[in-house]
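Per-entry structural report
Listed here are the chains, written in short residue letters.
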Amino acid sequence: MASDIRDPIQGSKNYKHVTTAPIPRLEYKDPRAEELIQSGQPVIITDSDLVGSAYHWNLDYLCANLGNGLYTVYTSGNGKFKYYDEKKVPNVPSFQPPTSHTDMTFQDFASKLKRKDNSDWIYLQQPLNDTVGPRIELDFKGFNWDFAYRQMKRNRWGPLTSNLLLVGMAGVVTPAHYDEQENLFAQIQGYKRFLLFHPDQFECLYPYPIFHPHDRQSQVDFDDPDLKKFPQFSKLKGYEGIVGPKDVLYIPMYWWHQVESLEDHGETISCTFWFKAAPTEKVVYPLNAGQKVAIMRNIEKMIADTLKDNKNMPHFMRTMVQGRYS
Ligand SMILES: O=C(O)C(=O)C[C@H](CCCc1ccccc1)C(=O)O
Ligand SMILES: [Zn+2]
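Residues numbered from 1 in each chain as written. Chains lettered and ligands numbered in written order. Predicted model: local features only at pLDDT ≥ 70, side-chain atom pairs only at ≥ 80, totals over all residues. Heavy atoms only, no water.

1. Details of the environment of Y83
Cut-off, in case you're wondering: Secondary structure elements follow DSSP: runs of H or I of four or more residues count as helices, runs of E of two or more count as strands, with numbering from the N terminus. Here a residue-residue contact requires only that any non-hydrogen atoms of the pair lie within 4.5 Å.
With respect to the helices, strands and loops of the structure, Y83 is situated in the loop between β4 (70–76) and β5 (99–105). In sequence terms Y83 and F147 are 64 residues apart; their C-alpha atoms lie 29 Å from each other. With sequence-adjacent residues up to four places away left out, Y83 is seen in contact with P213, H214, R216 and Q217.

2. Section: the coordination of the zinc ion (ligand 2)
Just so we agree on the cut-off: Ligating atoms shown are N, O and S within 2.8 Å of the metal, or 3.2 Å for Na, K and Ca, and water is not included, meaning a site may look less than complete. The buried label applies to any residue whose accessible area, calculated with a 1.4 Å probe on protein chains only, is under 20% of its type's maximum; exposed applies above 50%, and partly exposed to all values in between.
Protein-derived ligands of the zinc ion (ligand 2) are H177 (NE2), D179 (OD) and H257 (NE2), with the metal-ligand distances lying across 2.1 Å. Coordination of the zinc ion (ligand 2) draws on donor residues from a single chain, spaced H-x1-D-x77-H in sequence. On the accessibility criterion, H177 (9% relative accessible area) is buried.

3. A word on the nonpolar core
Rules: Residues belong to a common nonpolar core when they are buried Ala, Val, Leu, Ile, Met, Phe, Trp, Tyr or Cys residues joined through side-chain atoms within 4.5 Å.
The biggest cluster of nonpolar side chains holds 61 residues, and the ones touching the most others in it are W57, F106 and F273. Broken down by element, this core gets its largest block of residues, 5 residues, from strand β15 (residues 268–275). In terms of nonpolar packing, the next biggest core, distinct from the first, is built from 18 residues, C204, L205, V220 and F222 among them.

4. Considering the site of ligand 1
Counted only if it meets this: Being near a molecule or strand, for a residue, comes down to having at least one heavy atom within 4 Å of it. The term polar contact refers here to a pair of N or O atoms within 3.5 Å; inside protein, the definition further demands a hydrogen-donor-capable atom paired with an acceptor-capable atom, and it admits residues adjacent in sequence only when both atoms are side-chain atoms. Method for areas: the Shrake-Rupley scheme with a 1.4 Å probe, in which residue coverage is limited to the protein chains shown. When residues are sorted by character, Ala, Val, Leu, Ile, Met, Phe, Trp, Tyr, Cys and Pro go into the nonpolar class, Asp, Glu, Lys and Arg into the charged class, and all the rest, Gly among them, into the polar class.
Taken together, 15 residues sit near ligand 1, with Y123, T174, D179, N183 and K192 positioned nearest. Taking T174, its side chain carries an N or O atom lying 2.6 Å from an oxygen atom of ligand 1. A distance of 3.0 Å separates an oxygen atom of ligand 1 from a polar atom in the side chain of H177. Contact with the protein chains covers 92% of the free accessible surface of ligand 1, which is 450 Å². Those elements that place two or more of their residues in the shell around ligand 1 are β6 (121–127), β8 (164–168), β9 (173–177), β10 (182–189), β14 (256–261) and β15. Residue composition of the shell around ligand 1, grouped by class: 7 nonpolar, 6 polar and 2 charged.

5. Some words on the domain arrangement of the chain
Frequently, the measure chosen for interface size is the accessible area that the parts lose on association. For the record, the criterion: Where each domain starts and ends follows an automatic or database-derived domain assignment. Summed over both partners, buried area is the accessible surface (1.4 Å probe) that two parts give up on being assembled. Every case where a carboxyl oxygen of Asp or Glu lies within 4 Å of a side-chain nitrogen of Lys or Arg is listed as a salt bridge.
Domain boundaries assigned for the chain yield domain 1 (19–275) and domain 2 (289–321). Look at where the C-alpha atoms of domain 1 and domain 2 centre, and you get two points 28 Å apart. At the junction of the two partners, domain 1 supplies 13 residues and domain 2 supplies 11 residues. Between domain 1 and domain 2, a total of about 990 Å² is buried, with carbon and sulfur atoms accounting for 68% of that surface. When the area that domain 1 buries against domain 2 is broken down by residue, the three leading residues are I210, F211 and Y254, summing to 54%. One can count 2 salt bridges joining domain 1 with domain 2. Taking the shortest distance from any N to any O, the salt bridge between D215 and R297 comes out at 2.7 Å.

6. Some thoughts on the packing of helix α7 (residues 289–307) against helix α8 (residues 313–321)
Convention followed: Angles run from 0 to 180 degrees between N-to-C directions of axes, and those axes are lines fitted to C-alpha atoms, restricted for helices to the stretch in contact. Note on angle classes: values under 35 degrees are labelled roughly parallel, values over 145 roughly antiparallel, values of 65 to 115 roughly perpendicular, and the remainder oblique. Note on convention: the crossing is left-handed when the near helix lies turned anticlockwise from the far helix by less than a right angle, right-handed when the turn is clockwise.
α8 packs onto α7 with a crossing angle of 125° between their chain directions and a minimal axis gap of 11 Å. Relative to α8, the element α7 is oriented oblique. Note that α7 runs across α8; the crossing there is right-handed. For the pair formed by α7 and α8, the contact residues are E300, I303, A304 and L307 on the first element and M313, F316 and M317 on the second.

This is the structure:
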């Protein structure tokens, strides 16, 4: 059979030290797909019609129909788009934002993309809102909302919070991070390689302190890991998969993921469906890895708020465990 983009031999950029198994890929109508979602496991659902009404979206169509609203476009000098929370920048005076961003019309973004003289990488990331033109609104209304809301109800997720439109230049990378929402990630155009890691890989991925602008992001540079600072990174185990048009990837809350738009397949267009966490009913023991991450976050927040001076945190936390729990 013709070699498929997903064949491991094609451009699989294996990171040293990172061991991966394939993310399961199941047909949309295969009941096992929804079983995996119910058990909080990632799965790539193929031939989904979740955003079937947007499969004709491409740069020209979006240019013609998105209207003249402004879109947030990030710029990076090295192709990596490590998210940072602007509200936390004051907490770290030495912080150097790794990307810049400006608002521009989609038309301006598309013409920048087409210009080959780009020395920088650019990445449009914008929640879909009501400034879009009537055709896009029609396409948006045409999403298979029954499927989305069926997952939300059946898995007792919280409400849908946003649909993020992502248009990335070939080669852009979103470095490893986790989100605190459930996510149905729909791929419309182009190919993205996902690396996914269970929340129990927390100790291999060394997230920034919670008050840092890069909260929820891994401190480890996958391209050049510092194993002296982050020794457990060499034990990292996870999953890998390539999503293409018509695929939907379920990214369970607290699962780490790194995303890259494949180099030689043009720009990528994706749309996320983020749902708030399920309200915690009765806590069942033993706690799962995601719950432990949530507890660690709450403890870190409490210590940071109480000490009021982040410089005191390392000593305070070391004192608490050194020679007592270590
Ligand atoms: O869908 C997800 O969760 C991803 O990480 C997809 C990722 C872009 C996410 C951008 C972002 C990350 C954190 C906060 C707000 C925006 C990609 O596809 O490159
Ligand atoms: Zn994410």
